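Single-letter residue listing:
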Amino acid sequence: MNAIDLLKADHEKVKAILTQLSESTERGVKKRTELLDKLEMEVSIHTQLEEQILYPAFKAAGGKDEAEMYYEAKEEHRTVDSLVLPDLKATDPTSPEFAGRVKVVKELLEHHIEEEETEMFPKAKKLLGKAELEKLGEQMLAMKSSLKKSYVSQKVAA
């Protein structure tokens, strides 16, 4: 599996979850909670795959422009993972504030996805080449499987 294809498939999954979440209503507390848990897991795993596998390879293969893209993407991850998602999780799913925060998370993630898919990924394809992207994709699949298992076992233990 090519690393870029794997990440784009993740992007589609995250966008679908965000759409469902933004279309949910205050009455759908259980649905909102489940979607939020699913979003958190998908974003957390995806972020780790990018930051531990693709981004370092991209930065190492590139120059100053790629380094800037690398740091911008990491900062966008930090914003979502450390600030926006925790705030959303702490918000009452029956409140209008929840809907507002979902909209902001959706906008931030869609912007990030758009930048990756139109700027970073095409550059990564050129810089890294097909064979390297296949190798990175295999690493990502193995890591994703392991992270999902540990994520699920943490949820069960909680």
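Residues numbered from 1 in each chain as written. Predicted model: local features only at pLDDT ≥ 70, side-chain atom pairs only at ≥ 80, totals over all residues. Heavy atoms only, no water.

Novice: So what about the overall build of the protein? Which residues, and what values?
Specialist: When you go through the protein residue by residue, the secondary structure sums to four helices and zero strands. Its C-alpha atoms give the protein a radius of gyration of 16 Å, near enough to 15 Å, the size a compact globule of 158 residues would have. Expressed as lengths along the three principal axes of its C-alpha atoms, the size of the protein is roughly 50 × 30 × 20 Å. Looking at the protein as a whole, 41% of its 158 residues qualify as buried. The contacts of the protein with a sequence gap of at least 6 include a subset with a gap of at least 24, amounting to 79%. For the protein, the computed accessible surface area is about 8400 Å², with 55% contributed by carbon and sulfur atoms. (Helix = DSSP H or I, 4+ residues; strand = E, 2+ residues; numbered from the N terminus. Rg over C-alpha atoms; globule rule 2.2 N^0.38 Å. Buried < 20%, exposed > 50% of the residue type's maximum accessible area, 1.4 Å probe, protein only. Contact = heavy atoms within 4.5 Å. Areas by Shrake-Rupley, 256 points an atom, 1.4 Å probe, with all protein chains shown as cover.)

Novice: Tell me what's going on with the side chain of His11, and back it up with residues and numbers.
Specialist: Among the secondary structure elements, His11 is positioned in helix H1 (residues 3–23). There is a polar contact of 3.2 Å between the side chain of His11 and the side chain of His46. With residues up to four places along the chain from it excluded, the contact list for His11 reads His46, Glu50, Ile113, Glu116, Glu117 and Phe121. (Polar contact = N/O pair within 3.5 Å; in protein donor to acceptor, adjacent residues only side chain to side chain.)

Novice: Talk me through the UniProt feature "domain: Hemerythrin-like" (unreviewed entry) in the protein; I want residue IDs and the actual numbers.
Specialist: Within this structure's numbering, the places UniProt gives as "domain: Hemerythrin-like" (unreviewed entry) are residues 3–124. Within the segment residues 3–124, helix and strand shares are 89% and 0% respectively, and the terminal C-alpha atoms sit 10 Å apart. (UniProt positions renumbered as here; feature names shortened; annotations may be inferred.)

Novice: Account for helix H4 (residues 96–157), with residues named and values stated.
Specialist: Its 62 residues give H4 an end-to-end C-alpha distance of only 31 Å, which falls more than 12% under 92 Å, the value for a rise of 1.5 Å per residue. A bend of about 100° at Gly129 is the largest found in H4. (Expected span 1.5 Å × (residues − 1). Bend = angle between axes of the 7 residues up to and from the residue.)

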